[in-house]
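Chains, contacts and geometry: an overview
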Amino acid sequence: MTDSALLARLRADTPGCLTQVHLNNAGAALAPSVVLDAVSAHLHREAEIGGYEAAAEAGDRLQAVYASLGRLVGAPASSIALTSSATDSFLRAFLSIPFEAGDRVLVAQAEYASNVIPVLQATRRLGITVEAVPDGADGALDPEALRAMLDERVKLVSIVHAPSHNGLLNPAEAVGQVLRESGSEAWYLLDACQSVGQMPLDLAAIGADFLSATGRKFLRGPRGTGFLALSDRALSLEPALLDLHSAEWVDDDEFTVIDGGGRYEQWERSPALLLGLGAAADYALGLGLDTTRSLIMTAADRIRAGLAEIPGVVVRDRGSVRTGIVVFTVEGRAAADVHRAVKASGVNVSLSPPDYALRDFRAQGIEGQVRVSPHVYTDDGDIEALLRAVRGAVVAP
């Protein structure tokens, strides 16, 4: 299939392309029709025969979701837990770690607020400390700086793989290698919410104990879905949040935790959304993650080059290895104003304010950025519409 034929098929699979220039896929991507069909068909079935009955009828298809997600991240189906979001996944992982007073938590300089805040909360409650690993010269986390910070008190290394507010990719595999080589017993939690669905991932090669992700971003699944991929070591922990799905009440004052990723789940969830998540995973696998990464990066590089040619625009992406997230500012204009102007022109982009990643924004000395994130269905017309809108925002009073 030619590149143009593939793009035409991808756009035909995506109803939203007909009405919207959507370059906010790092926020929530446009779902392909197969995802919409999976969700709506199950909701109709619930209305016809009842929620419990529809879930039982879809039992095999719901089980298949675990295998599809496992294939996305190089993990067995039994090590996958289904959750409601990336934050839900992160919290279930974080709260399962048996912290003690004096333990240290190491995070990336570019760590996202929703990950840092529960760690800061735990510093007050448990007496642990949190420290940021310095960046290297390219702006990504420096693995050797991490190595120098490790000691027996480091209980957790929590890294965001693809920060949502800049275009870099942190060296996840190098982090895992440093932890192995050092003999550290620290738990390794990787926030992959922006990299899942955008590129190939392999949990074993990364060496993480927990990989947290969402459905709604580059994976193109429904909002309200997420998942955790877990190492064998993580599957030995007793999660902090248990119910009758993740554990069994066996005597008056006794319970047992089930085996596998299900111990990190809860009973109440939406089968319709989970079937949509599975459909999104199957669609991504069918296209191929290497193909997806190539298409996204081609569009992102074109956007970076086009933005850099506009006088007054500063492309802020860092890192030796980049993602499909592009961020920029306009000299003399507040990022919020530029964002409003571009949105008003009919192009979906996002605003990244400093409170999303406070350490990183302060280190860069900026007060906000406009974020652009293409996907496999982004075409020349979408990119030209963006560049035209930014040119207009630059000259606007």
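Just so we're clear, the structure is a prediction, and the values are computed from it rather than from any experiment.

Here we take up the sheet that holds strand 11 (residues 313-315). Taken in spatial order, the four strands of this open sheet run 11-12-15-14, and their pairing is antiparallel. Both outer strands of the open sheet, strand 11 and strand 14 (350-352), are each paired with one neighbouring strand and no more. Recorded for the sheet is a direction-independent mean angle of 35° between the axes of neighbouring strands. The pairing of strand 14 with strand 15 (residues 369-372) spans three bridges and is antiparallel.

Attention shifts here to the packing of aromatic side chains. Counted according to the given criterion, the structure contains six aromatic pairs. Taking 5.8 Å as the distance between ring centres and 80° as the angle between the ring planes, the aromatic pair formed by Tyr52 and Trp267 counts as edge-to-face. Of the two residues, Tyr52 is situated in helix 3 (residues 51-57) and Trp267 in the loop between strand 10 (254-257) and helix 10 (271-287); the sequence distance between them amounts to 215 residues. When the centroid spacing of 5.7 Å and the interplanar angle of 70° are considered together, the rings of Tyr112 and Tyr356 count as edge-to-face. Taken together, the residues span a long stretch of sequence, with Tyr112 in the loop between strand 3 (104-108) and helix 6 (113-126) and Tyr356 in the loop between strand 14 and helix 13 (358-364) at a distance of 244 residues.

Its location among the elements puts Val347 in strand 13 (residues 347-348). Taking C-alpha positions, Val347 is 7.2 Å from Gln20, a pair spaced 327 residues apart along the chain. Not counting residues within four places of it along the chain, the set of residues in contact with Val347 comprises Gln20, Val21, Leu23, Val342, Ala385, Leu386 and Ala389.

Further remarks concern the UniProt feature "domain: Aminotransferase class V" (unreviewed entry) in the chain. With numbering aligned to this structure, UniProt lists the feature "domain: Aminotransferase class V" (unreviewed entry) at residues 22-386. As a span, residues 22-386 carries 40% helix and 17% strand, and end to end its C-alpha atoms are 10 Å apart.

Let us now look at unusual backbone geometry. Apart from glycine, the bulk of residues carry a negative phi angle, and the bulk of peptide bonds sit in the trans form. For Arg220, which is not glycine, the phi dihedral falls at a positive 70°. Tracing the sequence through the fold places Arg220 in the loop between strand 7 (210-214) and strand 8 (226-230). Arg220 sits in the buried class, given a relative accessible area of 3%.

Turning our attention to the sheet that holds strand 3. Pairing is mixed in the open sheet, where seven strands are placed in the order 2-8-7-6-5-3-4. A strand with exactly one partner marks an edge of an open sheet, and here the two such strands are strand 2 (80-83) and strand 4 (129-133). Mean inter-strand twist for the sheet, computed between neighbouring axes without regard to direction, equals 20°. The pairing of strand 3 with strand 4 spans five bridges and is classified as parallel.

Another aspect to go through is the packing of helix 2 (residues 33-49) against helix 10. The angle between the axes and the distance between the axes are what describe a pair of packed helices. With their axes 8 Å apart at the nearest point, helix 2 and helix 10 run at an angle of 155° to one another. By the criterion of interaxial angle, the relationship of helix 2 to helix 10 is roughly antiparallel. Helix 10 is crossed by helix 2, and the crossing has right-handed handedness. Contact residues: helix 2 offers Val34, Val35, Ala38, Val39, His42, Leu43 and Glu46, while helix 10 offers Pro271, Ala272, Leu273, Leu275, Gly276, Ala279, Ala280 and Tyr283. Tallied by class, residues from the contact of helix 2 with helix 10 come to twelve nonpolar, two polar and one charged.

With that out of the way, let us pick up helix 5 (residues 86-96). Taken across its eleven residues, helix 5 has eight buried, putting it largely inside the fold. In the core, the buried residues of helix 5 are packed alongside strand 2, helix 6, strand 5 (154-160), strand 6 (187-191), strand 7 and strand 8. Of the residues flanking the start of helix 5, the one acting as N-cap is Ser85, its side-chain oxygen 3.4 Å from the backbone nitrogen of Thr87.

Of all hydrophobic cores here, the largest spans 54 residues; its most connected members are Leu69, Leu72, Val73, Val157, Val196 and Leu211. Ranked by residues supplied to this core, first place goes to helix 10 with eight residues. Every residue in contact with Leu69, bar those within four places of it in the chain, is listed here: Ile80, Leu82, Leu219, Phe227, Leu277 and Ala281. In terms of nonpolar packing, the next biggest core, distinct from the first, is built from 25 residues, Phe328, Ala335, Ala385 and Leu387 among them.

Calculation criteria
- Residues numbered from 1 in each chain as written.
- Predicted model: local features only at pLDDT ≥ 70, side-chain atom pairs only at ≥ 80, totals over all residues.
- Heavy atoms only, no water.
- Pairing = 2+ DSSP bridges.
- Helix = DSSP H or I, 4+ residues; strand = E, 2+ residues; numbered from the N terminus.
- Axes fitted to C-alpha atoms, helices over the stretch in contact; angles between N-to-C directions.
- Phe/Tyr/Trp six-rings, centres within 6.5 Å; stacked < 30°, edge-to-face > 60°.
- Contact = heavy atoms within 4.5 Å.
- UniProt positions renumbered as here; feature names shortened; annotations may be inferred.
- Buried < 20%, exposed > 50% of the residue type's maximum accessible area, 1.4 Å probe, protein only.
- Parallel < 35°, antiparallel > 145°, perpendicular 65-115°, else oblique.
- Left-handed = near helix turned anticlockwise from the far one by under 90°.
- Nonpolar A, V, L, I, M, F, W, Y, C, P; charged D, E, K, R; others polar.
- Polar contact = N/O pair within 3.5 Å; in protein donor to acceptor, adjacent residues only side chain to side chain.
- Core = buried A, V, L, I, M, F, W, Y, C linked by side-chain atoms within 4.5 Å.

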